[in-house]
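Results of the structural survey
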Amino acid sequence: MKHRSEHDLVVLGSGIAGQTTATTAAEAGLDVLLVEKQPSLGGSSAMSGGWFAFSGTPEQAEGGVEDSEDLFRHDLLEGGGHLNDPALVDAYLAHQHAAHRFLKDHGVRFREVAISSGMSAARGHNSEIKDVLATLHAAFAAAGGSTLTDTAARRLLTDDGGRVVGVLAEGPDGPVELYGRRGVVLATGGFSRGTEMLKVFAPEQLAAIPYGGRGNTGDGLRMAWRLGAGMADMSFVAATYGSHPETGEEFHELLTAYYMGAIVVNTAGRRFVDESIDYKSLGRAVLGQPDGLGVQVFDSRVRAQSHRGIPLKDMDALEELGHLHEADTLEEVARLAGVAPGELVATVERYNAAVAGTAADEQGRTGLCNGVGELTPIDAPPYYAYPAKALMTTTYCGVTVTPDARVTTVDGEPIGGLYAVGEVVGGFHGATYITGTSLGKGAVFGHMLGAALAGTEPQHGNSSEQEEVAA
Ligand SMILES: Cc1cc2nc3c(=O)[nH]c(=O)nc-3n(C[C@H](O)[C@H](O)[C@H](O)COP(=O)(O)OP(=O)(O)OC[C@H]3O[C@@H](n4cnc5c(N)ncnc54)[C@H](O)[C@@H]3O)c2cc1C
């Protein structure tokens, strides 16, 4: 006999998307069940850098940052190659302030505002992400929400009309049927750990370092797919450039010194890309280099911009790990990092000439990040080298949804009772991802959906099981 329980809402996945949805809905009075496949909560969100992208915030105003909704929209559509769904982009912009407010009302402090991949203005808002998740979960529990860990959703349950009414899951004591009167929310993340899915959609990315939440194998995508869900952005999966080959899982080791003035060279000592472009495109470029390696080379000016404890900027911690090489000359730092010394010296000379305006830049680079920011020469010793690879953190593609987060079929019809938020959703990013828009997307759409579902009348139906999804 299977265990069975019934709730107003069942939310699958406990990253930022699931937790924001669940906490919002529980605080609005719904009986919500949060289901997590892993023994602990958090998924990729808990491993992330904690950057959320918002425009028009008090934090930006305090830092004197000039930004606007229009510029943010422009960056999202331009970065997405105009292949993203403008209705999803507009929904993000329309609901971003409510999510920002919700997070701050739950004690989240944005400790730094910075420019990063794909941005034309400083709109990355950095948080202590593990604390954010813990705080949201405490609020969820206080509002009466229940949580099941070690419980993997396997297939969606529908009524005779095809409406999703629950999910069959595998818990520590065997199968459980979990019903949601207002539906089921997929917040199961992407498939950065889903080797089989990567083989189908992005086999060239299997060369990147596998990363992300251990449970992120694309389960939600497959369950929705079985019900006829559409897919978007599947061909744009790309790893993020900037992690040491021996990166661990406990510590966030991504460095973007190239947005502060570093160049990136291959082991032959040659540049091969404009280092100011988004770090997903850099990831693609690096995968094509010998050993999939790109070495960030910079001088003391860039080193001085290290910010301890801030992901993407913390060179001090990398030095302590022994992953950052330092030397008084370019030749010596090249030798330490396994780069051809003579060629590196020549590359830096050409780069410095381009920065001084006496020659064209060989990769067409004109700014630090996304064309913004003044370049500086690499000529102030000591010199530094950080060998780095592409890291498969996230997949950013997935099921098609309406702007109010209802999953749609390949024909564009909403699937009754089925919602999706977070990384499992496709169509928002298009060709590439802008820093902070994935945690942002989880929080913005999760908060919007949790509130909307709490205002929705419950729907009832007879459940009948769909065909089993391949495990
Ligand atoms: C190192 C790193 C740094 C990053 N930095 C940033 C950043 O600074 N800013 C940013 O915007 N993005 C960043 N990202 C990306 C971002 O963290 C993720 O895209 C985002 O957190 C996804 O949130 P989510 O809630 O959709 O999924 P997740 O946080 O991955 O949560 C999904 C959860 O669902 C669970 N799950 C999966 N299948 C099932 C199932 N069948 N049943 C039940 N549960 C299931 C998983 O175990 C997981 O816990 C980073 C990612 C990594 C790995």
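Keep in mind the model is a prediction, meaning the values are calculated, not measured. (Residues numbered from 1 in each chain as written. Predicted model: local features only at pLDDT ≥ 70, side-chain atom pairs only at ≥ 80, totals over all residues. Heavy atoms only, no water.)

Here we take up the overall build of the chain. From N to C terminus, the chain includes 14 helices and 22 strands. Relative to its length of 471 residues, the chain is compact, with a C-alpha radius of gyration of 23 Å against a globular reference of 23 Å. Referenced to the eigenvectors of the C-alpha coordinate spread, the extents of the chain come out at roughly 75 × 45 × 40 Å. Residues classed as buried in the chain amount to 60% of the 471 residues present. Within the chain, residue pairs in contact and separated by at least 24 positions form 74% of the contacts whose partners lie at least 6 positions apart. Element-wise, carbon and sulfur atoms account for 50% of the exposed surface of the chain, whose accessible area totals about 17300 Å². Where the 34 positive side-chain charges of the chain centre and where its 60 negative ones centre are 3 Å apart. (Helix = DSSP H or I, 4+ residues; strand = E, 2+ residues; numbered from the N terminus. Rg over C-alpha atoms; globule rule 2.2 N^0.38 Å. Buried < 20%, exposed > 50% of the residue type's maximum accessible area, 1.4 Å probe, protein only. Contact = heavy atoms within 4.5 Å. Areas by Shrake-Rupley, 256 points an atom, 1.4 Å probe, with all protein chains shown as cover. Lys, Arg positive; Asp, Glu negative; His and termini not counted. Charge placed at Lys NZ, Arg CZ, Asp CG, Glu CD.)

Looking now at the site of the ligand. In the vicinity of the ligand, 40 residues are found, and the nearest of them are Glu-36, Ser-45, Glu-423, Ser-438 and Leu-439. Within the backbone of Gly-15, one N or O atom sits 3.4 Å away from an oxygen atom of the ligand. Contact between the ligand and Gly-43: an oxygen atom at 3.2 Å from a main-chain N or O atom of the residue. For the ligand, whose accessible area on its own is 1000 Å², the fraction buried by protein is 98%. Taken together, the elements giving at least two residues each to the shell around the ligand come down to helix H1 (16–27), helix H2 (43–47), strand E8 (152–159) and helix H14 (437–454). At four residues, the largest contribution of residues to the shell around the ligand is made by H2. Partitioning the shell around the ligand into residue classes produces twelve nonpolar, 24 polar and four charged. (Near = heavy atom within 4 Å. Polar contact = N/O pair within 3.5 Å; in protein donor to acceptor, adjacent residues only side chain to side chain. Nonpolar A, V, L, I, M, F, W, Y, C, P; charged D, E, K, R; others polar.)

On to the pattern of salt bridges, then. Evaluated as defined, the whole model comprises 28 salt bridges. A salt bridge links Asp-8 to Arg-181; the nearest nitrogen and oxygen atoms lie 3.0 Å apart. With Asp-8 in the loop between strand E1 (3–7) and strand E2 (9–12) and Arg-181 in the loop between strand E10 (174–180) and strand E11 (184–186), the pair connects residues that are 173 residues apart, well separated along the chain. Given a relative accessible area of 12%, Asp-8 falls into the buried group. (Salt bridge = Lys/Arg side-chain N within 4 Å of Asp/Glu carboxyl O.)

Each domain of the chain was delimited in the assignment, giving domain 1 (3–235 + 394–465) and domain 2 (240–392). Centre-to-centre separation of domain 1 and domain 2, based on C-alpha positions: 33 Å. Here domain 1 meets domain 2 over a buried area of about 2500 Å², counting both sides, of which 56% is carbon and sulfur. Among the residues of domain 1 in contact with domain 2, Glu-112, Ile-209 and Tyr-211 are the three that bury the most area, contributing 25% of the side total. Close ionic contact of Glu-112 with Lys-313 constitutes a salt bridge, the shortest N to O distance being 3.0 Å. (Domains from an automatic or database assignment. Buried area = accessible area lost by both parts, 1.4 Å probe.)

Turning to the sheet that holds strand E6 (residues 124–126), a few remarks are in order. Taken together, three strands build an open sheet; the order of strands is E4-E6-E5 and the sheet is antiparallel. In the strand order of this sheet, the two ends are held by strand E4 (51–53) and strand E5 (112–114), each with one partner. On average, adjacent strands in this sheet sit at an angle of 30° to one another, irrespective of strand direction. (Pairing = 2+ DSSP bridges. Axes fitted to C-alpha atoms, helices over the stretch in contact; angles between N-to-C directions.)

Moving on, we come to the packing of aromatic side chains. Two descriptors summarise a pair of aromatic rings, namely the distance from one centre to the other and the angle between the planes of the rings. Applying the stated rule across the entire model yields 15 aromatic pairs. With 5.9 Å between their ring centres and 70° between their planes, Phe-52 and Phe-110 make a pair best called edge-to-face. Highlighted residues: Phe-52 in strand E4 and Phe-110 in the loop between helix H5 (86–105) and E5, separated in sequence by 58 residues. An angle of 90° between the planes, with centres 5.7 Å apart, marks the rings of Phe-72 and Tyr-92 as edge-to-face. Of this pair, Phe-72 sits in helix H4 (residues 69–79) while Tyr-92 sits in helix H5, and the two are 20 residues apart along the sequence. Accessibility expressed as a relative area gives 0% for Tyr-92, which makes it buried. By the ring-pair criterion, three or more aromatic residues cluster together here, those being Tyr-241, Tyr-258, Tyr-259, Tyr-279, Tyr-396 and Tyr-433. Seen from the ring of Tyr-384, Arg-303 lies directly overhead, with NZ or CZ sitting 5.7 Å from the centre. (Phe/Tyr/Trp six-rings, centres within 6.5 Å; stacked < 30°, edge-to-face > 60°. Lys NZ or Arg CZ within 6 Å of the ring centre and 35° of its normal.)

Given 3.6 residues per turn, any residue in an α-helix points the same way as the ones three and four places further on. The end-to-end C-alpha separation of H1 is 16 Å, in line with the 16 Å expected for twelve residues at 1.5 Å each. A large share of H1 lies buried, amounting to eleven of its twelve residues. Burial in H1 covers these residues: Ile-16, Ala-17, Gly-18, Gln-19, Thr-20, Thr-21, Ala-22, Thr-23, Thr-24, Ala-25 and Ala-26. Phi turns positive, to about 105°, at Gly-29, one or two residues after H1. (Expected span 1.5 Å × (residues − 1).)

Let us look at the packing of H1 against H14. At a minimum axis separation of 7 Å, H1 and H14 run at an interaxial angle of 25°. The orientation of H1 relative to H14 falls into the category roughly parallel. The handedness of the crossing between H1 and H14 is right-handed. Residues Ile-16, Ala-17, Thr-20, Thr-21, Thr-24 and Ala-25 of H1 lie in contact with H14, whose contacting residues are Leu-439, Gly-442, Ala-443, Gly-446, His-447, Leu-449, Gly-450 and Ala-451. Tallied by class, residues from the contact of H1 with H14 come to seven nonpolar, seven polar and no charged. (Parallel < 35°, antiparallel > 145°, perpendicular 65-115°, else oblique. Left-handed = near helix turned anticlockwise from the far one by under 90°.)

Right, let's talk about unusual backbone geometry for a bit. In this structure, Pro-382 follows Pro-381 across a cis peptide bond, with omega equal to 0°. Mapped onto the secondary structure, Pro-382 falls in the loop between helix H13 (341–356) and strand E18 (383–392). Although it is not a glycine, Leu-312 adopts a positive phi angle of roughly 85°. Structurally, Leu-312 can be placed in the loop between helix H10 (300–303) and helix H11 (315–320).

In this structure, Tyr-179 sits in strand E10. By relative accessible area, Tyr-179 is classed as buried at 7%. In the structure, Tyr-179 is positioned 21 residues away from Thr-158 in sequence and 9.9 Å away in space, judged by C-alpha atoms. Of note is the side chain of Tyr-179, whose polar atom sits 2.8 Å from the side chain of Glu-177.

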